[in-house]
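The chain contents come next:
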Amino acid sequence: MPGKKREYDEDDVRIRPGRSSRPRTRTRPKHEDAVDALVITVDRGRYGCIREDAEHLDELITAMRARELGRKSVVVGDRVALVGDTSGAPGALARIVRIAERTSVLRRTADDDDTTPEGRLERVVVANADQLVIVSALADPQPRTGFIDRCLVAAYDADIEPLLCLTKADLAGPAGVLDYYAELDLRYVLVKPESDLTEVRDRLAGRISVMVGHSGVGKSTLVNRLVPDALRAVGVVSAIGKGRHTSTSAVALRLPRVRKKGDPGWIIDTPGIRSFGLAHVSAESLLHGFPDLVEGTIDCPPNCGHTVGDSDCKLDAWVAAGKADPRRLASYRRLLSSRAGEDNSRDQSE
């Protein structure tokens, strides 16, 4: 009837279902059947991977990063676990589900000063490298000891053993460069055009070595001599980037087996690296790249900055006593000044 008040009962009450009391699980799949592999190239979210025991880069597996990895970066040299289609067939795509703990991380910045945007932008060059091969020509162009010093600082900071590779030894002798590093126990090899590379291969055997060097020092020529099919191999790995040339990114190349036994090793070519910004290295740690100066700082006053302005710094007396090369001290102080944003001069030549 019109105007009659309606009576409600329990059937009219709508009860909104409550949230489940069962907690969401964070248990992830163990992926016990995952395939172990080495990342040899990275290009726009696609990762070229290969089993470390593979003899040829034709066995490339293209993979993408699994969502469960979160924001963990994947770089060349990483040892990873793959699931999915690991056949390496055209169009096949695997997933990276695990990244093994890194034994070393080689980093660089675009600037030395960590107060600048370039200095704050830290890049991981490669992971798990055992050796940093610093390639420098003895002539045409002249050796740049400032660049070598930067590489040494980066290597010692990453706990990677450095190896100095002096090319074009047919044009000039190594005495000047070796004299500059006389106080360091720095390993080196000499390379001439068409010279025997047995010593170089011995230094690389069983290791993952990163090769860096300025344009024109003969690094690409050396890589092609060490890996005769390097151009073909680079073409294979660049295919995952739809034909993009790998001259702007690192690529790992398997050294050919020249002996019946033993691991011939890997080399990681880094054509895009022309300098090492050291903003990620503390001012104190910069000294580790100059072990010939370390003992000279023992008697320095507390909080000594070791700069020219520190009148009580004992490094000047250390050098004056003939215990270190004055050029080494000058190079160290140039890096300190550059890190403080006071000096942006180019690396000096020997």
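Preceding this paragraph is the structure being described.
Residues numbered from 1 in each chain as written. Predicted model: local features only at pLDDT ≥ 70, side-chain atom pairs only at ≥ 80, totals over all residues. Heavy atoms only, no water.

Colleague: Explain the overall build of the protein to me, please; I cannot follow it from the model alone.
Modeller: Regarding its fold elements, the protein presents 10 helices and 13 strands. Accessible area for the protein stands at about 19,700 Å²; split by element, carbon and sulfur atoms hold 47% of it. (Helix = DSSP H or I, 4+ residues; strand = E, 2+ residues; numbered from the N terminus. Areas by Shrake-Rupley, 256 points an atom, 1.4 Å probe, with all protein chains shown as cover.)

Colleague: Can you help me understand the pattern of salt bridges in this one?
Modeller: On inspection of all chains with the given rule, the structure shows 14 salt bridges. For D179, the salt bridge is made with R327, and the minimal N-O distance between the two is 3.3 Å. One end of the pair, D179, is in helix α3 (residues 175-180); the other, R327, is in helix α10 (residues 326-339), with 148 residues separating them in the sequence. For D263, the salt bridge identified is with R254, shortest N-O distance 3.1 Å. For D263, a relative accessible area of 37% translates into the label partly exposed. Assessed through its relative accessible area of 12%, R254 is described here as buried. The structure contains a network of salt bridges with shared partners spanning D149, D292 and R328. (Salt bridge = Lys/Arg side-chain N within 4 Å of Asp/Glu carboxyl O. Buried < 20%, exposed > 50% of the residue type's maximum accessible area, 1.4 Å probe, protein only.)

Colleague: When you look at the environment of P271 in this model, what are you seeing that I'm missing?
Modeller: Inspection of the secondary structure assignment puts P271 in the loop between β13 (266-269) and α7 (283-286). P271 gets classed as partly exposed once you look at its relative accessible area, which sits at 25%. Considering only alpha carbons, one finds P271 and M211, 60 residues apart in sequence, at a separation of 8.5 Å.

Colleague: Would you explain the nonpolar core in this entry?
Modeller: Side chains that are nonpolar tend, in soluble globular proteins, to be buried together. Of all hydrophobic cores here, the largest spans 55 residues; its most connected members are L106, L132, I134 and Y332. With seven residues, the top contributor of residues to this core is helix α2 (residues 145-157). With residues up to four places along the chain from it excluded, the contact list for L106 reads R123, V124, V125, V126, L132, A154, A158, I160, V210 and F276. Counting 21 residues, the second largest nonpolar core, distinct from the first, contains A137, V217, A230 and I267. (Core = buried A, V, L, I, M, F, W, Y, C linked by side-chain atoms within 4.5 Å. Contact = heavy atoms within 4.5 Å.)

Colleague: I would appreciate a short explanation of unusual backbone geometry in the present structure.
Modeller: Leave glycine aside and you will find that most residues have negative phi; peptide bonds, for their part, are mostly trans. Between D140 and P141 the backbone carries a cis peptide bond, its omega angle lying at 5°. With respect to the element layout, P141 can be found in the loop between β8 (131-137) and α2. Even without glycine at this site, R44 takes up a positive phi of about 50°. Considering the arrangement of structural elements, one finds R44 in the loop between β1 (35-43) and β2 (46-50). Positive phi is not limited to glycine here, since D159 has a value of about 60°. Topologically, D159 is positioned in the loop between α2 and β9 (161-167).

Colleague: Would you mind going over α10 with me for this structure?
Modeller: For an α-helix, 3.6 residues make a turn, and residues three or four places apart therefore share a direction. With 14 residues, α10 should cover 20 Å at 1.5 Å per step; its first-to-last C-alpha distance of 20 Å lies within 8% of that length. Taken together, the buried positions of α10 are R328, L329, S331, Y332, R333, L335, L336, S338 and R339. In the segment just after α10, G341 is the residue with positive phi, at about 80°. (Expected span 1.5 Å × (residues − 1).)

Colleague: Can you help me understand the environment of V153 in this one?
Modeller: When you line up the elements, V153 lands in helix α2. Judged by its relative accessible area of 1%, V153 is buried. Along the sequence, V153 and F276 sit 123 residues apart, while their C-alpha atoms lie 9.2 Å from each other. Not counting the four nearest positions on each side in its chain, V153 is found in contact with L278, V281, L286, G289, F290 and L335.

Colleague: Sorry if this is basic, but what is going on with the pairing of β9 here?
Modeller: Most of β9 is tucked away, with six of its seven residues classed as buried. Here seven bridges tie β8 to β9, and the two strands are oriented parallel to one another. Across the sheet, the residue bridging to S136 is L166, located in β9. Note on the crossover from β8 through α2 to β9: the handedness is right-handed. Where β9 lies against strand β10 (residues 188-190), three bridges are found, and the strand directions are parallel. Residue pairing for β10: C165 is matched across the bridge by V189. (Pairing = 2+ DSSP bridges. Right-handed = clockwise from strand over helix to strand, strands pointing away.)

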